[in-house]
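# Coordinate analysis (summary)
The residues making up each chain are set out below.
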Amino acid sequence: VLPQASGASSEASGIAPSGQELYFMQAVSYLRHNFSYPVRIEQLARQIGVSRSYLYKAFWNCSGKSIRQYLLDLRLEEACRLLADTRRAVTDIAYSCGFPDSPSFCRMFRKVYGETPLQYRRRMAEEGADSGGNAALSGASNSGGGCSFE
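Rules of the game
- Residues numbered from 1 in each chain as written.
- Predicted model: local features only at pLDDT ≥ 70, side-chain atom pairs only at ≥ 80, totals over all residues.
- Heavy atoms only, no water.
- pLDDT = per-residue confidence, 0-100.
- Contact = heavy atoms within 4.5 Å.
- Helix = DSSP H or I, 4+ residues; strand = E, 2+ residues; numbered from the N terminus.
- Buried < 20%, exposed > 50% of the residue type's maximum accessible area, 1.4 Å probe, protein only.
- Polar contact = N/O pair within 3.5 Å; in protein donor to acceptor, adjacent residues only side chain to side chain.

## Quick word on the confidence of the model for the protein
When pLDDT is averaged along the protein, the result is 83; 76% of the residues meet or exceed 70. Confidence drops under a pLDDT of 50 for residues 1-9, and excluding neighbours within four residues, the segment shows 23 contacts in the predicted structure. Considering only residues more than four positions removed or in separate chains, one finds that residues 134-145, a stretch of pLDDT under 50, has 25 contacts.

The structure is reproduced here in structure tokens:
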């Protein structure tokens, strides 16, 4: 699960989110709806109505991550879901999650999780069979790689 905007806690406590938190939440919403497409930070900042440098600062202050890292986390989280829950080809998953091609997706996946997408899919299927359900949905994905960004 990706970290929530610190503005989420402000809203829950009845305190209005800061300007940075509002811009961060707008950026996160945009990224969640557009992660499967090429995302240009300059375009995102322009759409939100702030400078690129301000958006970078707001993102870092609210999430502890760069915009690129947050976007990569979104893409990989969705890829994990698709690998565990569908039989779609790895190439199709790579494209639908915003990666330019299958080899770059597989390299990044292996770098982050220490296993290939197909190894992850097989492991999720085995854990799902062992637990009587889908391991990715039941939260049983902590042996080896994984797809949680806490």
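Now that the structure is up, let's keep going.
## A look at the environment of R110
Tracing the chain through its elements places R110 in helix α7 (residues 102-113). On the basis of relative accessible area, R110 is assigned to the partly exposed category, the value being 46%. Measuring from C-alpha to C-alpha, the distance between R110 and Y120 comes to 9.5 Å, with 10 residues separating the pair along the chain. In contact with R110, other than residues within four places in its own chain, are E115, T116 and Q119.

## Observations concerning the side chain of S63
The topology assignment puts S63 in helix α4 (residues 52-63). Within the local environment of S63, its side chain forms a polar contact with the backbone oxygen of F59, the two atoms lying 2.8 Å apart. A distance of 3.1 Å separates a polar atom in the side chain of S63 from the backbone nitrogen of K65.

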